[in-house]
Amino acid sequence: MSLELITAICFATVVAGTPLVLVAIGELVCEKAGMLNLGAEGMMSVGAVAAFVIAYWSGSAAFGLCAGILAGALLALIFGLITINLMANQVATGLAVAIFGVGLAAFLGKPFEARVIAATPPLTIPVLSDIPLIGRVLFQQQSLVYLTWVIFGLVVWFLAKSRGGLVLKAVGESPAAAHAVGIAVNRVRYLAVLFGGAMAGLGGGFLSVFYTPMWTEGMIAGKGWIALALVVFATWRPWRVLLGAYLFGGVLISQLFVQSSTLQINVPAQLLSALPYLATIVVLVLISRNAQMIRVNSPASLGKSFRAD
Amino acid sequence: MTNRRQFIQASVSGSAILGLGLAGCSKSDDKKSGSAIKAGFVYVSPIGDAGWTYQHDLGRLEMEKSMAGKVTTSFVEKVAEGADAERVIREMASSGNKIVFATSFGYMNYVEKVAKDFPKVVFMHATGYKSGENFGNYNARFYEGRYLTGVIAGKMTKSNILGYVAAFPIPEVLQGINAFTLGARSVNPKVDVRVIWVNSWYDPGKEREAAMTLIAQKADVVTHHTDSTAAVQAAEEKGVYACGYHSDMSKYGAKAHLTATTHHWGAYYTKIAQEVIGGTWKSGTIWGGMKDGFIKLAPINASVPQPVKDQVAKIETDIKAGTFHPFSGSVKDQSGKERLGAGKTMSDEDLGKMDYYVQGVTSKLPKS
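Residues numbered from 1 in each chain as written. Chains lettered and ligands numbered in written order. Predicted model: local features only at pLDDT ≥ 70, side-chain atom pairs only at ≥ 80, totals over all residues.

Some remarks on the overall build of chain B
Then, in step 1: The helix and strand tally for chain B stands at 11 helices and 15 strands.
Then, in step 2: For 368 residues, the compact-globule formula gives about 21 Å, and the C-alpha radius of gyration of chain B, at 21 Å, lands near that figure.
Then, in step 3: With respect to the three principal axes, the spread of C-alpha positions in chain B is 60 × 45 × 40 Å.
Then, in step 4: Across the 368 residues in chain B, those meeting the buried criterion constitute 56%.
Then, in step 5: Contacts in chain B between residues far apart in sequence, at least 24 positions, make up 66% of those at least 6 positions apart. (Helix = DSSP H or I, 4+ residues; strand = E, 2+ residues; numbered from the N terminus. Rg over C-alpha atoms; globule rule 2.2 N^0.38 Å. Buried ≥ 20, exposed ≤ 12 C-beta atoms within 10 Å, placed from the backbone. Contact = placed C-beta atoms within 7 Å.)

So this is what it looks like as structure tokens:
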């Protein structure tokens, strides 16, 4: 395999993994506060359609992404109202949000189907991008790819080192105890849910504005569900989420390269298509199979409503 | 999944419920103009502005225009190839439509069922293999256009690698890949065609990834047998060439778009309507090609040199005159086995059973 080919595969892997990183890291923060929002697919869909429509009208990808963030957060706000204020079941509400979001996006996006916006050129970072292999893979990407890394870094720092992260985790572990020491549990949970929605919307926007770039119904194609699965299989640890997302992207891209190469591999194409899902889950389950670590890392109050008595 | 048109799979079963609601969004141009007959169209995907369904809708509009006052039409888009299709087809037949056009492979068995219950209604099904008393079927020789795009691609490539994004390994798709390869090899024997299967008729993200992968492997002309314009857009972005499919996709890639194999159903739909009105319609099967106007090439890009255009025009004339068949012998498959003897042309039966790659395709055909 030539260096050029490896570079091409790695480059495409980073692109394919980026939306998953965004959505999964948002969901991780949300779940760390004890809020299980299964609506990622729906929030990504409305984010994608809003981002595309605004980018189409304004001609600006940045405006589009802002709209995507807002749309995702807005849908998350509805989830918050129902589960935090009205204390409805989070699983059922999350599923409803997923279904509602996908349908709403299809409805709103109807007039924009098959419209095209100009592709945004990548943002090449001088000097660094000249390094062989790494330069092409890491420093000739879309601006949002870099932003994803920044967001990821901030979330890692926030969860591990900041007081805010501690508060968030306390709420997720024991809302009653957090409440007792004077933390506004539901406010923290709202913020976490909104962040999750915003990231899902941004991930959706990446797909419709940077990746395809077009809007079509069903274009999210299950990526929201994969992101949810990543968080669980990565046992709520950010670095494993990152690994899982790029692993998924890597296998996805590699199977395409295998198909079109002259290698004689006699495997049904359907199986190759399923490979990214299988590989990601198997690897994450293997590295995270320590039951005690799962118990330690999974937020104790995940999915449970809280009422301050 | 070897459905002719796969319903865009909703990721949650629940969204299919919403889909049912949307499938009801039909538009009717019913003007109740005296003796006009009604014709109904069932579409598998949204009309959009390029692709399989879009071309059928152009056909509907053309028929409506040329039969003004005699035919009124209505359509239902995004009808899944399942029980929902039967409901829609039955509804169309029972609401006074004299002709029902069902434009996707997966509707076949439902059309067959409903046709028996409505003997006075004419049912026309696209791309299937069944027919009946009041149930005809029609299809197009897409491979004729593919051969010509192959000739252009073979002349325009510098890397001698051509890329092909394909949906499912069914005979219709394999005919396209093989015709494209034979066309390219007829003018450039060094050409090597690479295929990626995306296992979906319509998934812009995956189609794009596949096209990008082919381009990364040095393919400098890509084409696709999937429904979106993603491959053409990817080619435009990467500065390579593309051949569109279904529709003229030049507005998605002004520089990239060399030409496209386009589908034209309008004249045929008009003919069927005239026959039904005149009482001369008979059930049957038609597999129309360039000669019948079912298949045309989109305008060829200005970057293609005139001699190539002339050569393509010559072959096109020969195909129309019946003096040239894209699958004429000898045709060898990848393993070197002769599938068609020298001097022979392939029978429709053999075409309909195609399950191999010809020499020149370097990818391996997946087992299905």
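Continuing now.
A few points about the sheet that holds strand β11 (residues 257-263) of chain B
Residue and element names in this part refer to chain B.
Then, in step 1: One open sheet holds the six strands; their spatial order is β8-β7-β9-β10-β11-β13, and the pairing between them is mixed. With partners counted over all chains shown, the strands left at the sheet margins are β8 (192-197) and β13 (295-297), one partner each. Strand-to-strand twist across the sheet, computed as the mean angle between neighbouring axes with direction ignored, equals 15°.
Then, in step 2: Sheet analysis places β11 next to β13, joined by three bridges and oriented antiparallel. By the bridge assignment, His 263 is partnered in β13 with Ile 295. (Pairing = 2+ DSSP bridges. Axes fitted to C-alpha atoms, helices over the stretch in contact; angles between N-to-C directions.)

Remarks on the pairing of strand β3 (residues 71-76) of chain B
Residues and elements named next belong to chain B.
Then, in step 1: Counted residue by residue, β3 has five buried out of six residues, so it is predominantly covered.
Then, in step 2: In terms of strand pairing, strand β2 (residues 37-42) meets β3 through six bridges, oriented parallel. Looking across to β3, one finds that Gly 40 is bridged to Ser 74.
Then, in step 3: Running through helix α2 (residues 52-66), the crossover from β2 to the neighbouring parallel element β3 is right-handed. (Right-handed = clockwise from strand over helix to strand, strands pointing away.)

Things to note about the interface of chain A and chain B
Then, in step 1: Taken residue by residue, the interface counts 39 residues in chain A and 41 residues in chain B.
Then, in step 2: For the side of chain A that touches chain B, the per-class residue count stands at 23 nonpolar, 13 polar and three charged. (Nonpolar A, V, L, I, M, F, W, Y, C, P; charged D, E, K, R; others polar.)

Observations regarding the nonpolar core
Then, in step 1: With 209 residues, the main nonpolar core has A:Ala24, B:Val42, B:Ile89, B:Ala211 and B:Val222 as its most contacted residues.
Then, in step 2: With near-sequence residues (within four places) excluded, B:Ile89 lies in contact with B:Val42, B:Val100, B:Ala102, B:Tyr107, B:Tyr110, B:Val111 and B:Val114. (Core = buried A, V, L, I, M, F, W, Y, C linked by C-beta atoms within 7 Å.)

Focus: the packing of helix α3 (residues 83-94) of chain B against helix α4 (residues 108-117) of chain B
All names here are of chain B.
Then, in step 1: α4 packs onto α3 with a crossing angle of 35° between their chain directions and a minimal axis gap of 9 Å. Relative to α4, α3 is oriented so that their crossing is right-handed. Contacts between α3 and α4 pair Ala 85, Glu 86, Ile 89, Arg 90 and Ala 93 from the former with Tyr 110, Val 111, Lys 113 and Val 114 from the latter.
Then, in step 2: In terms of residue class, the contact of α3 with α4 is built from six nonpolar, no polar and three charged. (Left-handed = near helix turned anticlockwise from the far one by under 90°.)

Side note on the confidence of the model for chain B
Residue and element names in this part refer to chain B.
Then, in step 1: Counting all residues, the mean pLDDT for chain B is 88, and 90% of those residues have values of 70 or more.
Then, in step 2: Confidence drops under a pLDDT of 50 for residues 1-33, and excluding neighbours within four residues, the segment shows 75 contacts in the predicted structure.
Then, in step 3: Reported confidence for the predicted complex is 0.78 by ipTM and 0.82 by pTM. (pLDDT = per-residue confidence, 0-100.)

A short note on unusual backbone geometry
Then, in step 1: Residue B:Ser330 is reached from B:Gly329 by a cis peptide bond, and omega for that bond is 0°.
Then, in step 2: Mapped onto the elements, B:Ser330 comes out in the loop between α10 (306-321) and β14 (331-332).
Then, in step 3: For A:Trp236, which is not glycine, the phi torsion reads 55° and is therefore positive.
Then, in step 4: Residue placement: A:Trp236 occurs in the loop between α10 (223-233) and α11 (238-260).
Then, in step 5: With phi around 80°, B:Lys218 is a residue other than glycine that occupies positive phi space.
Then, in step 6: Within the secondary structure, B:Lys218 sits in the loop between α7 (204-216) and β9 (221-225).
Then, in step 7: Judged by the 18 C-beta atoms lying within 10 Å of it, B:Lys218 falls in the partly exposed class.

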